[in-house]
Amino acid sequence: MVAHVHPVSARFSDQLIAVLPRLRRFAAGLSRSTTEADDLVQAACERALTREHQFQEGTRFDSWMFRIVQTIWIDQLRSREVRKEDGNIAEERLGTDEPVRRVEARLALAEARRAMALLPPDQRTTLMLVTVEGLSYKQAAEVAGVPVGTIMSRLARARIALQQLLETTAGERRRATDADA
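Residues numbered from 1 in each chain as written. Predicted model: local features only at pLDDT ≥ 70, side-chain atom pairs only at ≥ 80, totals over all residues. Heavy atoms only, no water.

## Describing the nonpolar core
What tends to happen in soluble globular proteins is that the nonpolar side chains get buried as a cluster.
So, point 1. In this structure, Phe61, Trp64, Met65 and Val69 are the most contacted members of the largest nonpolar core, which totals 38 residues.
So, point 2. Secondary-structure elements contributing two or more residues to this core are α1 (10-31), α2 (34-50), α3 (61-83), α4 (100-117), α5 (121-132), α6 (137-144) and α7 (148-180).
So, point 3. For this core, the element with the highest residue contribution is α3, accounting for eight residues.
So, point 4. Residues within four places of Val69 in sequence aside, it is in contact with Leu23, Phe26, Ala27, Leu30, Leu40 and Ala44. (Core = buried A, V, L, I, M, F, W, Y, C linked by side-chain atoms within 4.5 Å. Buried < 20%, exposed > 50% of the residue type's maximum accessible area, 1.4 Å probe, protein only. Helix = DSSP H or I, 4+ residues; strand = E, 2+ residues; numbered from the N terminus. Contact = heavy atoms within 4.5 Å.)

Take a look at the structure:
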C-alpha cells in the first residue's frame, strides 16, 4: 500500500526558505557550533515539511519554526544526557584573511559568543529570541512555552550575566596587556 504524498505548497516553501538564515543563527546560538546548527536546522526543516498540515495559517511561520528548532534541540540534549555524550565541539578558527578593520569586530563577537555560551540554556535561548531574532516578549514566550513574565525575567538575568562575563573578560585582557608591557 502506497501512502498518498501531498506536495508542499509554494507559500510554505517560500516561507521556509526565507526563515532559513534566522533559523541557522538561532540554532548556532543554541548549540554553539555551526556544524550542529546545520544539523539542527536540517532536522527542523524535515520535521516542518512532514508536518506542514499542522501549521495554522494566520499564525507566525517564523515562531512555529523557532519552536521546532528549540524542541529538537531540547530532545537532543535529553538524549545526550541519557547517553552521557559530550556535545562540545571545538570552536572553528577565525579566518586570517579578514581585513584588519574587521578583526577587532570579529574578536568582540567571538568574545560575546563565548560569554553567551556560558549562560544557562533558558537564558541563552531567551536572549537569542529577543535580541538576535527580534521577537517580541509575547512571541518569545510562545516559542519557549512560558509566560511573558518569565521571558522578561530570563532576559533581565541574561543581560546582567552577559555584561558581567564581558566585563570580567575585558578586565583579564587589560591585566594581561599590562603584564606584557
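Let's pick the thread back up.
## Some points on the side chain of Ser33
So, point 1. In this structure, Ser33 sits in the loop between α1 and α2.
So, point 2. There is a polar contact of 3.2 Å between the side chain of Ser33 and the backbone nitrogen of Glu36. (Polar contact = N/O pair within 3.5 Å; in protein donor to acceptor, adjacent residues only side chain to side chain.)

## Some details on the layout of surface pockets
So, point 1. The space that makes up the second largest pocket amounts to roughly 270 Å³.
So, point 2. In this structure, the second largest pocket is lined by 16 residues; those nearest its centre are Gln70, Ile74, Pro121, Asp122 and Thr125.
So, point 3. Listed by contribution, the elements that provide at least two residues to the lining of the second largest pocket are α3 and α5.
So, point 4. A per-element tally of the lining of the second largest pocket places α3 first, with eight residues.
So, point 5. Of the residues assigned to the lining of the second largest pocket, the class counts are seven nonpolar, three polar and six charged. (1 Å grid on protein atoms, 1.4 Å probe; cavity = no way out; pocket = protein on both sides within 12 Å on 5 of 7 lines; lining within 4 Å. Points joined across faces, edges and corners; volume = space filled by probe spheres on them. Nonpolar A, V, L, I, M, F, W, Y, C, P; charged D, E, K, R; others polar.)

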